[in-house]
Every structure is written in C-alpha cells, then in structure tokens.
Amino acid sequence: MKEINITELERKFQEKIDNDIKIEPNDWMPEEYRQTLIRQISQHAHSEIVGQLPEGNWVTRAPNLRRKAVLLAKIQDEAGHGLYLYSAVETLGADREQTMDDLHSGKAKYSSIFNYPALTWADMGMIGWLVDGAAIMNQVPLCRCSYGPYARAMVRVCKEESFHQRQGYEIVTQLAQGTPEQKAMAQESLDRWWWPALMMFGPSDKDSKHTAQSMKWKIKRHTNDELRQQFVDVTVPQAELIGLKVPDADLKFNEATGHYDFGDINWDEFWQVVAGHGPCNKERVAARKRAKEEGMWVREAANAYAEKRAKRKAS
Amino acid sequence: MSKKEWPLWEVFIRSKQGLSHKHAGSLRAPDAEMAINNARDVYTRRSEGVSIWVVPSNEIVASDPSDSEELFEPSQTKVYRHPTFYDVPDGISHM
Ligand SMILES: [Fe+2]
Ligand SMILES: [Fe+2]
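Residues numbered from 1 in each chain as written. Chains lettered and ligands numbered in written order. Predicted model: local features only at pLDDT ≥ 70, side-chain atom pairs only at ≥ 80, totals over all residues. Heavy atoms only, no water.

> Where do I start with the overall build of chain B in this structure?
Summing up its helical and strand segments, chain B has two helices and three strands in all. Written out in order from the N terminus, the α and β elements of chain B read β-β-α-β-α. Taking 2.2 N^0.38 as the reference for a compact globule, 95 residues should give roughly 12 Å; the C-alpha atoms of chain B span a radius of gyration of 21 Å, well beyond that estimate. On the principal axes, the C-alpha backbone points of chain B span a range of 75 × 35 × 15 Å. Across the 95 residues in chain B, those meeting the buried criterion constitute 22%. Partitioning the intrachain contacts of chain B with sequence separation of at least 6 by distance along the chain shows that 41% fall at a separation of at least 24. In the form shown here, chain B has an accessible surface area of approximately 7100 Å², with 55% of it arising from carbon and sulfur atoms. Here chain B contributes 11 positive and 14 negative side-chain charges, whose respective centroids are spaced 10 Å apart. (Helix = DSSP H or I, 4+ residues; strand = E, 2+ residues; numbered from the N terminus. Rg over C-alpha atoms; globule rule 2.2 N^0.38 Å. Buried < 20%, exposed > 50% of the residue type's maximum accessible area, 1.4 Å probe, protein only. Contact = heavy atoms within 4.5 Å. Areas by Shrake-Rupley, 256 points an atom, 1.4 Å probe, with all protein chains shown as cover. Lys, Arg positive; Asp, Glu negative; His and termini not counted. Charge placed at Lys NZ, Arg CZ, Asp CG, Glu CD.)

Here is the structure:
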C-alpha cells in the first residue's frame, strides 16, 4: 500500500461521502465510522430478531387461517431482515458470533419497543401499524446510507416492510369497525402502544450524542425529532379515519407550522427501558439465549454431517 | 462442544430466465446444499429468483481498492471506445 497519511485518507473519505459515493467493505474508513456502523447495524439486526418474539406469541392464537399465514410470513420476513443485517455487520470485520453474544450479555441494545408485552390480538395489528410504520420511517432514509452493504440491505427490507404495516392497519381497522368490545380492544391497544412507538425514534435531538457525526457521515439523513414529527403527522389522520383516539391531550394540528403539536414524552420511562428495566427485557434476552443454547446441537449436527460428507467425497 | 461457526457463502440469484446471476448477499451454512436451501428462504421469499449460485466467500478473489487507479483509470481516457465519440453525418441511419 502507498504511503498516505491519515489526514489525507480522512479527507478523501469525507470527500467521497460528500459526493454521495458509497463506501464499500474493503475501502479505507475511519475506525470510528466502522465502530459506529457496527454498533448501529448490530442493534438494528437484534431489533429484527427480538421483534419476532412478541408476535411469535400470537401465531397459535391468530383468529383465522388467513391471519395466521400473514403473521407467519411477517415473522419470517423479520428473521430475514436480521440475517441481511448480520451479514452487513460481518462485512465490517465484526465477528457474527460475538455480535450475538453481545446481545445475550446485555452489552448490545435493541429497539426499546420490543420490551413491551403483546397482550391482546389487537396488539398484533398495533405492532404492524405503529411499530413497523415507525421502522419504515427510520429505514427509508437508510436506503441512502453511505455504507453500501447497509444501504442495500435496507432496500430489501423496505420493500418487504410495507406489507407489514398494511396488514397491521387492516387488523386494527377491522377491530375498530367491529363490535363495541372489539373497538374497545383496539383503543386500549393504541393507548398502550402510542407513546412507546414515539420513543422508537430515540432520544430527542438535544440528548442524542451521535446524531451530528452520523449526519456528517451520511449514516443518518434526518434527526430523531424530525422523523418522530413525520411519524406523528402521517399517523394521526390514519387513527382518525378509523375512529380511534390518539392518547395525547396536547395533540393538536398547528396551522402555522403545518404539523401536529404533541405532548411531552416520558423520557424517564424511555431510559428505564433502555437500561433494562422495561416490562419484558429479561424475558426477551432469556428467550434469545435459550434459542442459542437449545439450538446448538442442530448446529453441531449440521457441522458433523457436512464434515462426514466432505470426507466421503474426498475418499 | 465445538464452537465452530458455519462458513460464509456469497449468494447469486438469477431473477428470471435470460438474465445473469447477480449478487444478492451472503449467509452462513454448514455446506453448499444447506447454503442453497437457506438462500432460498432468505433471498427468494417473493419469487425473486429462478436459480441460485452459492460460492464460499473465502474463494472469492477481489481486486484491491488501493489498486483501483491503476486498474480502472486508463479506460477513462479511451472515450473512442464508445460510439458517441464519433460524428455521423446528418441523414445517415442504421448506424
Ligand atoms: Fe423488519
Ligand atoms: Fe417489519
């Protein structure tokens, strides 16, 4: 390799970013850029995988075969999303096994939303509509992220994500237009999920320590608060259309700004859940650990079988 | 208990007859057969493919990004390799 000093490499790197030239795995990149991506993409991967758990809970209790098939397809998609993302993390030189072990040890985080329980069938609708809806809002700008493998994974993910939101909205709509009991179930579910959904966009801009650098590197294209506002603006009319009430006394359309004003988020709750004290944190991580431990024999058996076949082929 | 990781595979997919295989991503699997099965589940859930290739990632030989100037810059000065380099008189067609 030619002798080039680090400042020159960094300058060239930023120049590529500024010119919207993607960074690919073997290209030179600042160590901090690599570490930021490893952290962000692995957290994203963990969220996809842990996100299967609240939904998996309802597969056997889906109200009919159509709903069950849809729910299974959605959960399978989320597994796929996790796999695309773990592969993207690996392109940065991270060890896949270690990446997962970091989730199990609590070192790595995942989206705080999945630490809330799915208590009723309406929650399956609410998760699709609000949680996948918020995820889409986060993920669409990531399709233009400066790191090639992450951006490409996001293109696939976004294509698959839109059915997730629609099936959820369909469930909620049907309940909202059903019997009084069904409508009450939908409303109660919205009451529980609304605020955690808004928290999915992360801490407010003034408390977000990574935002400025991530925007300079074009890993992020919008701030947390911008995306949150966008989510509120598109989602409130969707709730109104089906006769549900967003649980926020301060929610009001602001004619001057063209946006909805909304109430204060309970950041104490957010930080509590992030720190591991949400209703389901322990359960979620335990389920992932158990999946690894109890599935280990399958991995071992597959390895043994592959080795045996390779030997037989060679002899 | 051995902790051996399954090897990494690169997945290439032909989206329909008549098109070439294109890189879709990568995955881990114990052997080629499982790699194809997994690729089917991970990369073709919505009929994105009619044929799958899997290649062990460590078998791929790639050009070095630091060589890219030597490798690719010479062709940038050879604009005469493109048809648009040439003037065709007005009134000429089929060329
Ligand atoms: Fe997803
Ligand atoms: Fe989803």
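After presenting the structure, the write-up continues.
> Would you explain the interface of chain A and chain B in this entry?
Interface size is commonly expressed as the accessible area that is lost once the parts come together. Each side of the interface is counted separately: chain A has 27 residues, and chain B has 21 residues. Taking both partners together, chain A and chain B bury about 2200 Å²; carbon and sulfur atoms supply 44% of that area. Linking chain A with chain B are eight salt bridges. For the salt bridge of Arg46(B) with Asp77(A), the shortest nitrogen-to-oxygen distance reads 2.5 Å. Here chain A and chain B share eleven residue pairs in polar contact (both at pLDDT 80 or more) between them. Mapped onto the side of chain A that touches chain B, the elements with two or more residues apiece are α4 (65-90), α5 (96-104), α7 (148-176) and α12 (281-314) of chain A. Top contributing element to the side of chain A that touches chain B by residue count: α12(A), with eleven residues. Considering only residue class, the side of chain A that touches chain B consists of nine nonpolar, five polar and 13 charged. (Buried area = accessible area lost by both parts, 1.4 Å probe. Salt bridge = Lys/Arg side-chain N within 4 Å of Asp/Glu carboxyl O. Polar contact = N/O pair within 3.5 Å; in protein donor to acceptor, adjacent residues only side chain to side chain. Nonpolar A, V, L, I, M, F, W, Y, C, P; charged D, E, K, R; others polar.)

> Would you take a moment to explain the sheet that holds strand β1 (residues 8-14) of chain B for this structure?
Sheet strands pair by backbone hydrogen bonding; their relative direction is either parallel or antiparallel. All names here are of chain B. Taking strand neighbours across the sheet as the criterion, the three strands line up as β2-β1-β3 in an open arrangement whose pairing is antiparallel. Each having just a single partner strand, β2 (22-28) and β3 (51-56) make up the two edges of the open sheet. When strand polarity is set aside, the average angle formed by the axes of neighbouring strands in this sheet is 30°. Where helix α1 (residues 32-43) meets the sheet, it contacts β1, β2 and β3, and its direction lies at approximately 115° from that of β2. (Pairing = 2+ DSSP bridges. Axes fitted to C-alpha atoms, helices over the stretch in contact; angles between N-to-C directions.)

> Would you take a moment to explain the environment of Thr91(A) for this structure?
Residues and elements named next belong to chain A. Assignment of secondary structure puts Thr-91 in the loop between α4 and α5. For Thr-91, a relative accessible area of 30% translates into the label partly exposed. Sequence separation between Thr-91 and Phe-262 is 171 residues, and the spatial gap between their C-alpha atoms is 40 Å.

> Would you mind going over the coordination of the iron ion (ligand 2) with me for this structure?
Ideal coordination angles are 109.5 degrees for a metal with four donors arranged tetrahedrally and 90 or 180 degrees for a metal with six donors arranged octahedrally. Residues and elements named next belong to chain A. Those donors, Glu-78 (OE), Asp-132 (OD), Glu-161 (OE) and His-164 (ND1), are the protein atoms that reach the iron ion (ligand 2), and they lie 1.7 to 2.2 Å from it. If you look at the iron ion (ligand 2), its four donor atoms make angles of 86 to 163° with each other, and the shape they trace is irregular. When the donor residues of the iron ion (ligand 2) are listed from N- to C-terminus, their spacing reads E-x53-D-x28-E-x2-H. By relative accessible area, which is 0% here, His-164 ends up buried. (Donors = N, O, S within 2.8 Å, 3.2 Å for Na, K, Ca; no water. Tetrahedral: all angles 85-135°; square planar, octahedral: opposite > 155°, others 65-115°.)

> Which parts of the structure should I look at to understand the side chain of Lys220(A)?
Residues and elements named next belong to chain A. Position of Lys-220 relative to the elements: it lies in the loop between α9 (211-216) and α10 (224-241). For Lys-220, which is buried and forms no salt bridge, the nearest opposite charge comes from Asp-205, at a distance of 6.4 Å. In terms of polar contacts, Lys-220 uses its side chain to reach the side chain of Asn-224, at 2.6 Å. Not counting residues within four places of it along the chain, the set of residues in contact with Lys-220 comprises Ser-208, Thr-211, Ser-214 and Met-215.

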